Amino acid sequence: MNFLKRFAFAFLLAFCAAAIQAEFYSSSYFGWNLDLPEGFKLKDADKDGSAFYLEHEFMKVRVAVKIFPAEKYERNDLAMEDVLNKLDADGEIDGFLWNGRQTSIAQYSFKLPGNDTAQEGWGLSADCLLRPARLVVLCYADKDVANDCQQFILSAIDSVCMEKKDFRLPGPVTSYAYNSGETKDVKINIGKKEFFCQIPSQAKESGRFVIDREFSVLTLYAKQKQWKEAWQRYYRLVFREAYSRLDSAAAAINAALKSEALSTNPKAPEIEICKKLLAWVQDFGYQRNQDTSDLNDLTSVLQNQGSDCDSRALLLCVLMEHYGVKTELFVSGIYSHALFGAALPCEGAKITVDGIDYLLCETTAPVAMGLVAKEHSETANWIPVDLP
């Protein structure tokens, strides 16, 4: 059994998210998660629980994961260097801070043992947080298709999460590419209130990087059986990248609206805030780009710089989640539309997901919460996107 085939991890779990199956690979023992593109299948696993190896159903892409005891390597770059040396790989390793933790990323090429098939890909090495161990993830493809698989490979590496809060922070690839700590002031107008917040200076570029990459991955599933799950993952990763970028905006909006909301509805001010935010995005200028992903980055949407139904709904999901309200994005290929859903105790149209009733909100027409066009009222035609 070759070196890569021995990368097989026994603590492999698959679990459900929302109403449609979505595959995660994770270890509750060591504390890591992979939200991989749909279609990876476990091909091999070590009996000692140290590694696993996956191959994709229709892409010539492979994933190998290895857990090393922390004492084996003083740093993550040394773990990555040793793995690449055992593969006799050529490559470059770079270090960076990911969510405050020292992490290593690598781009490499090598040949599979026993044949001349060249491979190219990316890798990540990061500290496990529940046990003293280091995680190494490699994702690679045959050299003749590796360039075409580049976005797919980066998406897989960027899906790594080491703890619960990572599901709402940019992934490691995104953090590596856009790690400037600089911020800029942004003006927000909601109703008659005008105020400022701060967003990362690279937020627009970071958002577009993830949206364009994930859209290129999503298009691969247009005629595949996993198209619904791929659609869910697309929005899930966009939400993940944007959530913390809007921390300051969410806090500033809350400060501007909460006093009046408490005065109007002291028992449930979040309902009044949601009403204000819904009316605010309904008044945005409508814009779609049919040539590429028509989803705009959420920091641009926040500034009313072009949006449509799904980007507005996703923005509301991010903001209301900051206020402790459980939300759900609903998308429909049949209707070519998206709705915002919020777990609020209000009358109106609702869809139940995993026992939670979500009040439906239309973001592109000036209607109240809970009102949905009759032609969009068939709940079976809506796909729920459970957000992390």
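Residues numbered from 1 in each chain as written. Predicted model: local features only at pLDDT ≥ 70, side-chain atom pairs only at ≥ 80, totals over all residues. Heavy atoms only, no water.

Chemist: So what about the overall build of the chain? Which residues, and what values?
Modeler: Helix and strand content of the chain: 10 helices and 17 strands. The C-alpha radius of gyration computed for the chain amounts to 22 Å, which stays within 12% of the reference 21 Å derived for 388 residues, consistent with globular compactness. Counting only C-alpha atoms, the chain reaches 70 × 40 × 40 Å along its principal axes. By residue count, 56% of the 388 residues in the chain fall in the buried class. The contacts of the chain with a sequence gap of at least 6 include a subset with a gap of at least 24, amounting to 59%. For the chain, the centre of its 42 positive side-chain charges and the centre of its 53 negative side-chain charges are spaced 3 Å apart. (Helix = DSSP H or I, 4+ residues; strand = E, 2+ residues; numbered from the N terminus. Rg over C-alpha atoms; globule rule 2.2 N^0.38 Å. Buried < 20%, exposed > 50% of the residue type's maximum accessible area, 1.4 Å probe, protein only. Contact = heavy atoms within 4.5 Å. Lys, Arg positive; Asp, Glu negative; His and termini not counted. Charge placed at Lys NZ, Arg CZ, Asp CG, Glu CD.)

Chemist: Account for unusual backbone geometry, with residues named and values stated.
Modeler: One non-glycine residue, D88, lies in positive phi territory at about 55°. Within the element layout of this structure, D88 appears in the loop between α1 (76-86) and β6 (90-98). Using a relative accessible area of 66% as the deciding quantity, one classes D88 as exposed. Located in the positive-phi region is N304, a residue other than glycine, with phi close to 60°. Within the fold, N304 resides in the loop between α9 (298-302) and α10 (309-322).

Chemist: Any chance you could break down the pattern of salt bridges for me, citing the residues and the numbers?
Modeler: Inspection of every chain in the model, using the stated rule, returns 23 salt bridges. Close ionic contact of R75 with D77 constitutes a salt bridge, the shortest N to O distance being 2.9 Å. The partner of R245 in a salt bridge is E241, and the shortest N-O contact between them spans 2.9 Å. Residue class for R245 comes out buried when judged on its relative accessible area of 13%. E241 sits in the buried class, given a relative accessible area of 6%. One network of salt bridges, in which partners are shared, links D35, D158, R213, E214, R233 and R236. (Salt bridge = Lys/Arg side-chain N within 4 Å of Asp/Glu carboxyl O.)

Chemist: Tell me about the sheet that holds strand β17 (residues 383-386), residues and numbers included.
Modeler: If you trace the 5 strands from one edge of the open sheet to the other, you get β15-β16-β14-β13-β17, paired in antiparallel fashion. In the strand order of this sheet, the two ends are held by β15 (350-353) and β17, each with one partner. For this sheet, the mean inter-axis angle between neighbouring strands, taken without regard to orientation, is 35°. Judged from the 3 bridges that link them, strand β14 (residues 337-342) and strand β16 (residues 356-361) form a sheet pairing that is antiparallel. Across the sheet, the residue bridging to F340 is C361, located in β16. (Pairing = 2+ DSSP bridges. Axes fitted to C-alpha atoms, helices over the stretch in contact; angles between N-to-C directions.)

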